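# Fold and geometry: a report
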Amino acid sequence: MADAGTSGHLHAGDSPAAAAPQRWTVRSLLGWIIPYLKDREVDSPRTIAEILLAEVLKVERLRLYMEPERELAADELAALRALVARAGRHEPVQFLVGRWPFLGRDFEVAPCTLIPRPCTETLVEHALNWYRERGAGPARVLDLCTGSGCIAVSLALGMRAILR
């Protein structure tokens, strides 16, 4: 990757490790990651950049905008650079962070699981509404080989909440 040089400007090909004198803050890293991902035609580059940066810093995404001048440590930069490179190769962000939210709960995901999707949340919500409308009695649900278990867990917890 190209060096940021003495100009202090970041470009899509620059690497946080390549320009040691540069202060690598949340703001400057977003300014590096977003064009890097755009150049590689990654969908939603800003969102992906925020998710990866928040993951490395172990903070909520909103915190990135509350602390734009926060500097990253060398180990955080190394971890971020590795994640960004993988994202640039179109590896799903869900696999990069190892979990993904589904109906307010995080579920572990990996290449061997299906990634929880918003349309599946809608399916679970419809199933729970159907259950509620039918009187919320005993029910059997079978969820086989669908991935992370988010459907079965969400249905079980939703049905239990309806019965209370």
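Calculation notes
Residues numbered from 1 in each chain as written. Predicted model: local features only at pLDDT ≥ 70, side-chain atom pairs only at ≥ 80, totals over all residues. Heavy atoms only, no water. Helix = DSSP H or I, 4+ residues; strand = E, 2+ residues; numbered from the N terminus. Buried < 20%, exposed > 50% of the residue type's maximum accessible area, 1.4 Å probe, protein only. Contact = heavy atoms within 4.5 Å. Lys, Arg positive; Asp, Glu negative; His and termini not counted. Salt bridge = Lys/Arg side-chain N within 4 Å of Asp/Glu carboxyl O. Polar contact = N/O pair within 3.5 Å; in protein donor to acceptor, adjacent residues only side chain to side chain. Expected span 1.5 Å × (residues − 1).

## Here's the deal with the overall build of the protein chain
Counting secondary structure elements, the protein chain contains seven helices and two strands. Tracing the protein chain from N to C terminus, the helices and strands come up as α-α-α-α-α-β-β-α-α. Considering the protein chain as a whole, with its 164 residues, one finds that 38% of them fall into the buried category. Relative to all contacts within the protein chain whose residues are 6 or more apart in sequence, the contacts with residues 24 or more apart total 49%.

## Examining unusual backbone geometry
Notably, lysine 58 is not glycine yet its phi reads approximately 60°, a positive angle. Its place among the elements puts lysine 58 in the loop between α2 (45-57) and α3 (61-66). Positive phi values are uncommon outside glycine, yet leucine 103 reaches one of about 50°. You can see leucine 103 is positioned in the loop between β1 (99-102) and β2 (105-108). Note on leucine 103: relative accessible area 27%, which makes it partly exposed.

## With respect to the side chain of glutamate 76
Position of glutamate 76 among the secondary structure elements: in helix α4 (residues 74-88). It is arginine 70 that comes nearest to the buried, bridge-free glutamate 76 among opposite-charge side chains, at 4.2 Å. Engagement of the side chain of glutamate 76 in a polar contact is seen with the backbone nitrogen of alanine 73, the distance being 2.8 Å. If sequence neighbours within four positions are ignored, glutamate 76 has contacts with Val56, Leu57, Arg70 and Glu71.

## Quick look at α2
Its 13 residues place the ends of α2 18 Å apart at the C-alpha level, agreeing with the 18 Å of an ideal helix rising 1.5 Å per residue. Taken together, the buried positions of α2 are occupied by Pro45, Ile48, Ala49, Glu50, Ile51, Leu52, Leu53, Ala54, Glu55, Val56 and Leu57. Residues of α2 that are buried sit in contact with α1 (26-39), α3, α4, α5 (93-97) and β1. Positive backbone phi, at 60°, marks lysine 58, one or two positions downstream of α2.

From the geometry alone we can't say anything about function, so treat these as descriptive.
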